Amino acid sequence: MWLVSLFDALAYALLDLPPLALLVAVFIFSALVGSFLNVVIYRLPIILERDWQAQAREILGIAPVAVEKFNLVVPRSQCRDCGRMVQGIENIPIISYLAIRGKCRGCGARISAFYPFVELSTAVIATFVFWHLGANAAGFFALFFVFTLVALTGIDLKVKLLPDIITIPLMWAGIILAIWSVYIPLETAVIGALLGYLSLWVVAMGFKLLTGRDGMGLGDAKLLAAIFTWVHFQYFALVLIIACFSGITVALLQKAFDRSNNSDNLIPFGPHLALGGLIAFLYGGPIVDWYVGFLTGY
Ligand SMILES: [Zn+2]
């Protein structure tokens, strides 16, 4: 019976628990990474846009504009209202935000709760995933999977973009790990990448043919390709069902609470694909087993 196997799995997971100190270390490390992901989420879209503008100017033969250096490291973080630099001690993830009560110490301007939220959720999800997979190669590399999905989710929510510079390396990482079958065998990962990309490519092309406009970016296709180099493609339907369900739920909630009524607003689909991918990555097997058991009565 599936219930018994569920308890078996649970008992096994408890016996196989990584030491507490290791979990705490993973939590702290992931919170620090989350802090860096905030920088990536906020700055990468600006860096990319500046790049595109510089390229367009070059193609059109327009003289480049001089801009001050701006990358993931330079300049240091500062208040967006008064320009006060973030001091060393204020860089502690989550805690600093609570200590300064979410306000700039220079001018008192509100600092978005998005920042500590990213730090906390990165730390919680990463620690949970590590606990679930154990202190082994699968557990450690899964942290990279989580961090990348958090960055993509944040950027897609902010600017409705899934940058190639993140989705493509995520796909290569999955394929390289598949050489050693860390999660899935190499063949499975390659088929998964093709299936993930082509399925959404077909949808995007169909949408374009029918409506004459770009409704779906191919960023979603690349993200799905990347996900199925980490997750077995036998969970293809599961990932899409979770993504659609969560996407529709959020869209309905938005419609119910948003009075501004700008209904033609594009809903970013990346966060929902990431959620589906992560759930299938962790629980694809048990969910499908449960469903089959449910259907057959065992
Ligand atoms: Zn300020």
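Per chain, the residues get numbers from 1 upward, laid out in the order the sequence is written. Residue-level local features of this predicted model are given only where pLDDT is at least 70; pairs of side-chain atoms are given and counted only at 80 or more, and the full residue set underlies all totals for whole chains, interfaces and linings. Each side-chain value is worked out from all heavy atoms of the structure, with water and hydrogens disregarded.

Going by the annotation in an unreviewed UniProt entry, the name recorded for the protein is Prepilin leader peptidase/N-methyltransferase, with Ostreibacterium oceani given as the source organism. UniProt positions are given in the numbering used here, feature names are shortened, and annotations may be inferred rather than shown by experiment. Here the protein is described in UniProt, under the heading Catalytic activity (unreviewed entry), as follows: "Typically cleaves a -Gly-|-Phe- bond to release an N-terminal, basic peptide of 5-8 residues from type IV prepilin, and then N-methylates the new N-terminal amino group, the methyl donor being S-adenosyl-L-methionine."

Draft legend 1. Quick look at a nonpolar patch on the surface. Residues enter patches when their relative accessible area tops 30% and they take part in no salt bridge; the joining distance is 9 Å for like charges and 5 Å for the nonpolar side chains Val, Leu, Ile, Met, Phe, Trp and Tyr. Reported accessibility uses the Shrake-Rupley method at a 1.4 Å probe radius. Residues are deemed covered only where the shown protein chains occlude them. Each salt bridge in this description consists of a side-chain nitrogen of Lys or Arg and a carboxyl oxygen of Asp or Glu lying within 4 Å of one another. A contiguous nonpolar patch, built from W172, I176, I179, W180, L186, V190, L194, L198, W201, V202 and M205 and spanning about 1100 Å² of accessible area, is present on the exposed surface. Taken together, the elements giving at least two residues each to the nonpolar patch come down to α6 (164-179) and α7 (186-211). Note on conventions: DSSP H or I runs of at least 4 residues are helices, E runs of at least 2 residues are strands, and numbering of each starts at the N terminus. Here the element with the most residues in the nonpolar patch is α7; it accounts for 7 residues. Counting through the fold element by element, W180 comes out in the loop between α6 and α7.

Draft legend 2. Main features of the coordination of the zinc ion. For Na, K and Ca the donor cut-off is 3.2 Å, and for all other metals it is 2.8 Å, counting N, O and S atoms only; because water is absent from this set, sites may look incomplete. Donor atoms from the polypeptide that bind the zinc ion are C79 (SG), C82 (SG), C104 (SG) and C107 (SG), placed at 2.3 Å. Coordination at the zinc ion comes from 4 donor atoms whose angles at the metal span 104 to 113°, giving a geometry best classed as tetrahedral. Expressed as a motif, the donor residue spacing for the zinc ion is C-x2-C-x21-C-x2-C. Throughout, exposure labels follow a simple rule: accessible area from a 1.4 Å probe, protein chains only, divided by the maximum for the residue type, with under 20% read as buried, over 50% as exposed, and the rest as partly exposed. A relative accessible area of 39% places C82 in the partly exposed class. All geometry calls rest on donor angles, where a four-donor set with angles between 85 and 135 degrees is tetrahedral, four- and six-donor sets with opposite donors more than 155 degrees apart and all others between 65 and 115 are square planar and octahedral, and all else is irregular.

Draft legend 3. Quick peek at the domain arrangement of the protein. Taken domain by domain, the protein comprises domain 1 (1-15 + 171-298) and domain 2 (17-133). For the domain bounds, the source is a domain assignment made automatically or taken from a database. Of note, the centres of domain 1 and domain 2, computed from C-alpha atoms alone, are 26 Å apart.

Draft legend 4. Region of interest: the UniProt feature "transmembrane region" (unreviewed entry) in the protein. The residues that UniProt annotates with the feature "transmembrane region" (unreviewed entry) are residues 20-42, 113-131, 137-155, 162-183, 189-211, 223-253 and 273-292. Secondary structure content for residues 273-292 is 100% helix and 0% strand, and the end C-alpha separation is 23 Å.

Draft legend 5. Structural detail: the packing of aromatic side chains. Each Phe, Tyr or Trp ring (for Trp, its six-membered ring) is paired with any other whose centre lies within 6.5 Å, and the angle between the two planes then decides the class: stacked below 30 degrees, edge-to-face above 60, tilted in between. Applying the stated criterion across every chain yields a total of 11 aromatic pairs. Ring centres 5.5 Å apart and planes at 40° place the aromatic pair F128 and W131 in the tilted group. Taken together, the residues span about one helical turn, with F128 and W131 both in helix α4 (residues 114-133) at a distance of 3 residues. On the accessibility criterion, F128 (34% relative accessible area) is partly exposed. A residue is classified by how much of its surface remains accessible, and W131, at 26% relative accessible area, is partly exposed. Taken together, F144, F145, Y183, W230 and F281 form an aromatic cluster joined through their ring pairs. Only when the NZ of Lys or the CZ of Arg is both within 6 Å of the ring centre and within 35 degrees of the ring normal is a charge said to sit over the ring. A cation sits over an aromatic face here: R43 above F70, 5.2 Å from the ring centre. One cation-aromatic arrangement involves R80 over Y42; the distance from NZ or CZ to the ring centre is 3.9 Å.

Draft legend 6. Geometry of α6. Its 16 residues place the ends of α6 23 Å apart at the C-alpha level, agreeing with the 22 Å of an ideal helix rising 1.5 Å per residue. Among the residues of α6, those classed as buried are I166, T167, L170, M171, A173, G174, I175, L177 and A178. Tucked inside the fold, the buried residues of α6 contact α2 (20-60), α5 (137-159), α7 and α8 (218-227). With its phi angle positive at about 50°, S181 sits one or two positions after the end of α6. Take the residue count of a helix, subtract one, and multiply by 1.5 Å to get its expected span. When checking whether two residues touch, look at their non-hydrogen atoms; a contact exists if any pair is within 4.5 Å.

Draft legend 7. Structural detail: the pattern of salt bridges. Per the counting criterion, the structure on display carries 3 salt bridges. A salt bridge links R105 to E90, with the shortest nitrogen-to-oxygen separation between them at 3.1 Å. In this pair, R105 is assigned in the loop between α3 (95-99) and α4 and E90 in the loop between α2 and α3, connecting sequence segments 15 residues apart. D164 serves as the salt-bridge partner of K222, at 2.9 Å between the closest nitrogen and oxygen. Linking K222 in helix α8 with D164 in helix α6, this pair joins segments that are 58 residues apart in sequence. One continuous salt-bridge network, built from bridges that share partners, spans R84, E90 and R105.

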